[in-house]
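Chain and residue survey
So the chains spell out like this:
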Amino acid sequence: QNMEDAGDYAKLVALGKPDFIEIKSVTFCGESKASSLTISCTPWHEEVKTFSEALLSKEGLENEYELACEHQHSCIVLLAHKKFKVDGRWHTWIDYDRFHELVRAGVHFEAKDYWAPTPDWALYGSEEAGFDPNETRVYHNRTKKKAQAGLLSEEQRKMYPNNPAEQ
């Protein structure tokens, strides 16, 4: 329900002017007595992307921000201020060694002093959808079985960068 009014969230972003806005779905881990959330309350990655695009279209945010990164498995989209895009390349990653060096030096510093280029596979709209190609994607057995039995809907199938039945 809290994804219904992108305009109100856009007003908050316009007010705060953050460098980054990470929009993330909850990771459903099963039912709990402490919560009434169910899997039906959990947005899919495509829904998070749609909401992110809607948010960007409100309050003139598209003049200062862009869709920079995504990670499909975590249902995350990152909106970044355009100042983090230098010569057409996003710099949304952190050079931790440089960051700690700056902290130890006790000098004033800004994000641009320790930023690092964003890998192509992490960019919004990349074929990898945020999956590092040097890592191995592992699907749950139940997902593989559903895929092999043809029980994944077309919408569910679109949520995976490749066919879980083939793993």
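Residues numbered from 1 in each chain as written. Predicted model: local features only at pLDDT ≥ 70, side-chain atom pairs only at ≥ 80, totals over all residues. Heavy atoms only, no water.

**Some points on the pattern of salt bridges**
Taken as a whole and assessed by the stated rule, the structure comprises eight salt bridges. One salt bridge in this structure joins Glu 64 and Lys 17, with 3.8 Å as the shortest N-O distance. Of this pair, Glu 64 sits in the loop between α2 (45–56) and β2 (65–71) while Lys 17 sits in the loop between α1 (6–16) and β1 (20–24), placing them 47 residues apart in sequence. The network of salt bridges with shared partners includes Glu 46, Lys 49 and Glu 70. (Salt bridge = Lys/Arg side-chain N within 4 Å of Asp/Glu carboxyl O. Helix = DSSP H or I, 4+ residues; strand = E, 2+ residues; numbered from the N terminus.)

**Some thoughts on the environment of Tyr 124**
Mapped onto the elements of the fold, Tyr 124 is located in the loop between β7 (115–116) and α4 (141–148). For the pair Tyr 124 and Arg 157, spaced 33 residues apart in the sequence, the C-alpha separation amounts to 19 Å. Not counting residues up to four positions away in its chain, the partners in contact with Tyr 124 are Lys 49, Glu 53, Leu 67, Ala 68, Cys 69, Glu 70 and Val 77. (Contact = heavy atoms within 4.5 Å.)

**A short note on the pairing of strand β3 (residues 76–81)**
Here β3 lies mainly inside the structure; six of its six residues are buried. Side chains Ile 76, Leu 78 and Ala 80 of β3 all project onto a buried face; the interleaved residues Val 77, Leu 79 and His 81 project onto the opposite face, where all are buried too. In the sheet, β2 pairs with β3 via six bridges, with the strands oriented antiparallel. Bridging across to β3, Leu 67 finds its partner in Leu 79. Between the antiparallel neighbours β2 and β3 lie four residues, among them Cys 75 with a positive phi of about 55°. (Buried < 20%, exposed > 50% of the residue type's maximum accessible area, 1.4 Å probe, protein only. Pairing = 2+ DSSP bridges.)

**Focus: the nonpolar core**
Of all hydrophobic cores here, the largest spans 15 residues; its most connected members are Ile 21, Ile 23, Leu 55, Leu 61, Tyr 65 and Leu 79. When contributions to this core are tallied by element, the ones reaching two or more residues are α1, β1, α2, β2 and β3. In terms of residues, this core owes the most to one element, α2, which gives four residues. Setting aside chain neighbours within four positions, we find Tyr 65 in contact with Val 13, Lys 17, Pro 18, Asp 19, Ile 21, Leu 56, Ala 80, His 81 and Lys 82. Counting nine residues, the second largest nonpolar core, distinct from the first, contains Ala 80, Phe 84, Leu 102 and Tyr 114. (Core = buried A, V, L, I, M, F, W, Y, C linked by side-chain atoms within 4.5 Å.)

**Side note on the sheet that holds β2**
Hydrogen bonds along the backbone pair up the strands of a sheet, which may run parallel or antiparallel. Pairing is antiparallel across the open sheet formed by three strands, whose spatial order is β1-β3-β2. Sheet topology places β1 and β2 at the edges, where each strand pairs with a single neighbour. Across the sheet, the mean angle separating the axes of adjacent strands is 20° when strand polarity is ignored. (Axes fitted to C-alpha atoms, helices over the stretch in contact; angles between N-to-C directions.)

**As for α4**
When α4 is considered as a whole, its buried residues turn out to be Thr 143, Lys 144 and Ala 147. Projected down its long axis, α4 carries its buried residues within an arc of 100°, all on one side. Residues of α4 that are exposed and point more than 90 degrees away from the buried face comprise Asn 141, Arg 142 and Lys 145. (Arc of directions from axis to C-beta.)

**Brief notes about the packing of aromatic side chains**
Given two aromatic rings, one states the distance between the centres and the angle between the planes to describe the pair. A complete count under the given rule lists seven aromatic pairs for this structure. Arranged with centres 5.7 Å apart and planes meeting at 85°, the rings of Tyr 9 and Phe 51 form a pair that is edge-to-face. One end of the pair, Tyr 9, is in helix α1; the other, Phe 51, is in helix α2, and 42 residues separate them in sequence. Ring centres of Trp 93 and Trp 121 lie 5.6 Å apart, and the angle between their planes is 90°; on these two criteria the pair is classed as edge-to-face. One end of the pair, Trp 93, is in strand β6 (residues 93–94); the other, Trp 121, is in the loop between β7 and α4, and 28 residues separate them in sequence. You can call Trp 121 buried: its relative accessible area is 19%. Among the aromatic residues, those joined into a ring-pair cluster are Phe 20, Phe 84 and Trp 115. When the ring centre of Tyr 124 is taken as reference, the NZ or CZ atom of Lys 49 above it lies at 5.3 Å. (Phe/Tyr/Trp six-rings, centres within 6.5 Å; stacked < 30°, edge-to-face > 60°. Lys NZ or Arg CZ within 6 Å of the ring centre and 35° of its normal.)

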